[in-house]
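Coordinates in review
Residues per chain are reported as follows:
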Amino acid sequence: MYSKDEKLSLLSEMLLFAMADGEIKEEEYDFILAIASQLGVSKIELDNLPLNGDNYKPIKSESQRILQFHRLVLLMNVDQMMSQSEVYKIKEMGLKMGLRAEAIDTVLKEMHQYPNKVIPPQELIKIFTRFYN
């Protein structure tokens, strides 16, 4: 599914996002570590990732970009605190991924309708489908 470089890029992107409010909280790190484990990346590899975005590799598949955006939304809400810097950063990252601004804004608005702001994957897909058709 992903090459090793793509996996490391995704995780680096998540770490950078977690730092949007100035620090990586324990809950955020644990969430990223769980994603790393799912991707087959060790804790040592995760801890050695550069935090400057130098290893960014764009995701070619639209469905994989939407999946990564969903991970970022989950990461943003894992500590139950959403700062303006995180909202700005997630919008910036979504646009950088090539996602439509309208879809990003809709996800960020509609996530508040769900427990813990965890928008179900099928709802996320519906939103993106609506804006891409």
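Position numbers for residues count from 1 along each chain, tracking the sequence in the order it is written. Per-residue local features of the predicted model are confined to residues with pLDDT of at least 70, and side-chain atom pairs are confined, for both listing and counting, to 80 or more; whole-chain, interface and lining totals are unaffected and use all residues. Water and hydrogen atoms play no part in the side-chain values, which are based on all heavy atoms of the structure.

What about the packing of helix α1 (residues 4-18) against helix α4 (residues 62-77)?
How we decide: Helix axes are fitted to C-alpha atoms over the stretch in contact, other axes to C-alpha atoms as well, and angles between N-to-C directions run from 0 to 180 degrees. In this description a helix means any DSSP run of H or I spanning at least four residues, a strand means any run of E spanning at least two, and both kinds are numbered starting from the N terminus. Handedness of each helix crossing follows the sense of rotation of the near helix against the far helix: counterclockwise by less than a right angle gives left-handed, clockwise gives right-handed. Contacts: residue pairs with any heavy atoms within 4.5 Å of one another. Nonpolar residues are Ala, Val, Leu, Ile, Met, Phe, Trp, Tyr, Cys and Pro. Charged residues are Asp, Glu, Lys and Arg, and all others, Gly as well, are polar.
Running from amino to carboxyl end, α1 crosses α4 at an angle of 30°, the nearest separation of the two axes being 10 Å. As for the relative orientation of α1 and α4, their crossing is right-handed in sense. On the side of α1, the interface is formed by Leu10, Glu13, Met14, Phe17 and Ala18, while α4 contributes Gln68, Arg71, Leu72, Leu75 and Met76. Grouping the amino acids of the contact of α1 with α4 by side-chain chemistry returns 7 nonpolar, 1 polar and 2 charged.

Re the side chain of Gln68
The following threshold applies: Burial here depends on accessible area, computed with a 1.4 Å probe over protein chains only, as a share of the maximum for the residue type. Under 20% is buried, over 50% is exposed, and the range in between is partly exposed. Definition of a polar contact: a pair of N or O atoms within 3.5 Å, with one able to donate and the other able to accept a hydrogen when the atoms are protein atoms, and with sequence-neighbouring residues admitted only if both atoms are side-chain atoms.
Summarising the element assignment, Gln68 is placed in helix α4. The buried category is assigned to Gln68, whose relative accessible area is 0%. Within the structure, Gln68 has its side chain in polar contact with the backbone oxygen of Leu10 (distance 3.2 Å). With residues near it in sequence (within four places) discarded, Gln68 still touches Leu10, Glu13, Met14, Ile59 and Met97.

Regarding the packing of helix α2 (residues 26-39) against α4
Put simply, the rule is: Here the word oblique covers every angle except those under 35 degrees (roughly parallel), over 145 (roughly antiparallel) and from 65 to 115 (roughly perpendicular).
One way to put it is that α2 packs onto α4 with a least axis distance of 9 Å and a crossing angle of 150°. Considering their axes alone, α2 and α4 lie roughly antiparallel with respect to each other. Considering the relative orientation of α2 and α4, their crossing is right-handed. On α4, the residues touching Glu28, Phe31, Ile32, Ile35 and Leu39 of α2 are Arg71, Leu74 and Leu75. When grouped by side-chain class, the residues that make up the contact of α2 with α4 number 6 nonpolar, no polar and 2 charged.

A short note on unusual backbone geometry
The residue Asn116 is not glycine, and still its phi comes out positive at about 55°. Inspection of the secondary structure puts Asn116 in the loop between α6 (101-110) and α7 (121-132). Notably, Lys117 is not glycine yet its phi reads approximately 60°, a positive angle. Mapped onto the fold, Lys117 is located in the loop between α6 and α7. On the accessibility criterion, Lys117 (23% relative accessible area) is partly exposed.

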